[in-house]
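Here is how the chains run, residue by residue.
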Amino acid sequence: MKWYKTIDFYITKKYLGTFFYAIALILSIAIVFDISENLDEFISKDIPTRDIVMDYYMNFIPYFGNLFSPLFTFIAVIYFTSKMAYNTEIIAILSSGVSYSRLMRPYMVSATIITLLSFFLGNFIIPPANNTMINFKEKYIKSRTTGTERNVHRQIEPGVYIYLQSFTENNIGYRFTLERFDGAKLTEKLTAQNIRWDEETDKWIINSYWKRIIHDDYEELENGYHMDTTLNMSPKDFMVLKDEMETYKTPELIKEIELMKMRGVNYVEWEIEKHKRMANPFSTFILTIIGVSLASRKVKGGLGFHLGLGLLLAFSYILFMQISTVFAVSGSTPPFVAVWIPNLMYAVIAVFLYRWAAR
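Parameters at a glance
- Residues numbered from 1 in each chain as written.
- Predicted model: local features only at pLDDT ≥ 70, side-chain atom pairs only at ≥ 80, totals over all residues.
- Heavy atoms only, no water.
- Salt bridge = Lys/Arg side-chain N within 4 Å of Asp/Glu carboxyl O.
- Helix = DSSP H or I, 4+ residues; strand = E, 2+ residues; numbered from the N terminus.
- Buried < 20%, exposed > 50% of the residue type's maximum accessible area, 1.4 Å probe, protein only.
- Polar contact = N/O pair within 3.5 Å; in protein donor to acceptor, adjacent residues only side chain to side chain.

### Details of the pattern of salt bridges
Between side chains of opposite charge, pairing is possible as soon as their charged atoms come close.
So, step 1. The full count for this structure, using the stated rule, is 11 salt bridges.
So, step 2. A salt bridge links Arg102 to Asp8, with the shortest nitrogen-to-oxygen separation between them at 2.6 Å. Taken together, the residues span a long stretch of sequence, with Arg102 in helix α4 (residues 100-140) and Asp8 in helix α1 (residues 6-44) at a distance of 94 residues.
So, step 3. Owing to a relative accessible area of 1%, Asp8 belongs among the buried residues under this scheme.
So, step 4. With a shortest N-O distance of 2.5 Å, Asp216 and Lys185 are connected by a salt bridge. Residue Asp216 is found in the loop between β6 (203-214) and β7 (219-229), and its partner Lys185 is found in strand β5 (residues 185-198); the two are separated by 31 residues along the sequence.
So, step 5. Residue class for Asp216 comes out exposed when judged on its relative accessible area of 73%.
So, step 6. Through salt bridges with shared partners, a single network forms among Arg180, Glu188 and Lys211.

Here is the structure:
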């Protein structure tokens with residue numbers, strides 16, 4: 001491997017070694033705190049040890065590992081690069097004729113490895129792991145947080161729109177309206193006092209209804225007290241499950257978003273989740289460049305100064321990302337812009353620091 005020298009392997013080994021060591025350390029601490037918090041529940045409810053280990057903590061580890069990944073990428077780079085600078089290793093490398101851009105090669109290769117790992121975990125491994133972990137909590141610890149929608153306006157299939165004033169956890173919807181359109185022309189309208197889901201027949205029961213069928217030159221009116229019908233919707237469509245989007249693999253998440261668009265459902269939080277899965281792994285490159293640029297210079301204060309400044313930038317980045325997503329949820333900013341703008345702004349900072357460090 002002529003393009004990857006001994007010094008590159010040396011830096012890559014330090015980068016990945018420090019990163020995985022830091023992640024393992026913080027996960028160990030997180031597991032200890034989580035066990036201490038849930039120990040009473042585990043003991044009092046006599047939960048099998050195998051379920052605790054396999055269904056909960058084996059899924060807990062990748063979730064929190066990926067969650068802390070950007071922060072500990074930054075800390076790892078700051079830590080070992082600052083030590084190299086303090087030991088004059090960086091100066092020795094640059095004095096041998098290696099350019100600063102060439103010095104960045106092993107950092108970028110290491111960042112690529114972490115990015116690909118984070119992307120694969122976040123998009124394909126962690127969602128089913130989250131689902132298993134949520135099911136464990138629901139089975140043994142506490143019921144999943146649910147809610148129901150009110151004033152629902154939705155397209156259940158092309159040209160068919162429904163309205164519900166409210167939908168209860170008993171699978172009953174009140175003030176139901178169904179409208180069918182042929183292009184822009186209304187062809188049928190049904191209104192009912194309530195609609196109920198029958199679990200035995202998997203059909204909807206419409207009670208106290210009026211039905212109006214519109215033809216070109218006349219209308220038909222029909223009313224009744226009871227009617228069974230099939231509709232392209234189910235009770236779960238009206239249930240709001242907390243963090244449900246985190247249990248979908250990305251291809252499934254995209255399909256669900258398209259379905260929600262067709263139905264006219266608020267999909268902003270789902271869109272934010274989709275963009276986060278792309279933006280978070282990409283932040284590894286930005287934080288790596290910032291970390292190297294700050295820590296590669298030997299300055300007064302040494303490792304402590306580098307870590308302090310690095311943590312300030314890292315936490316400001318995380319804080320900015322949380323604030324920007326709030327604007328997306330409120331509807332004032334498109335989800336794509338809200339999720340990616342912290343990366344774009346800190347990319348500008350990374351370019352500035354890189355040019356400063358390369359001088």
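### Remarks on the side chain of Ser296
So, step 1. You can see Ser296 is positioned in the loop between α6 (268-295) and α7 (302-330).
So, step 2. In terms of polar contacts, Ser296 uses its side chain to reach the side chain of Tyr100, at 2.6 Å.
So, step 3. Within polar-contact distance, the side chain of Ser296 engages the backbone oxygen of Val292 at 2.9 Å.

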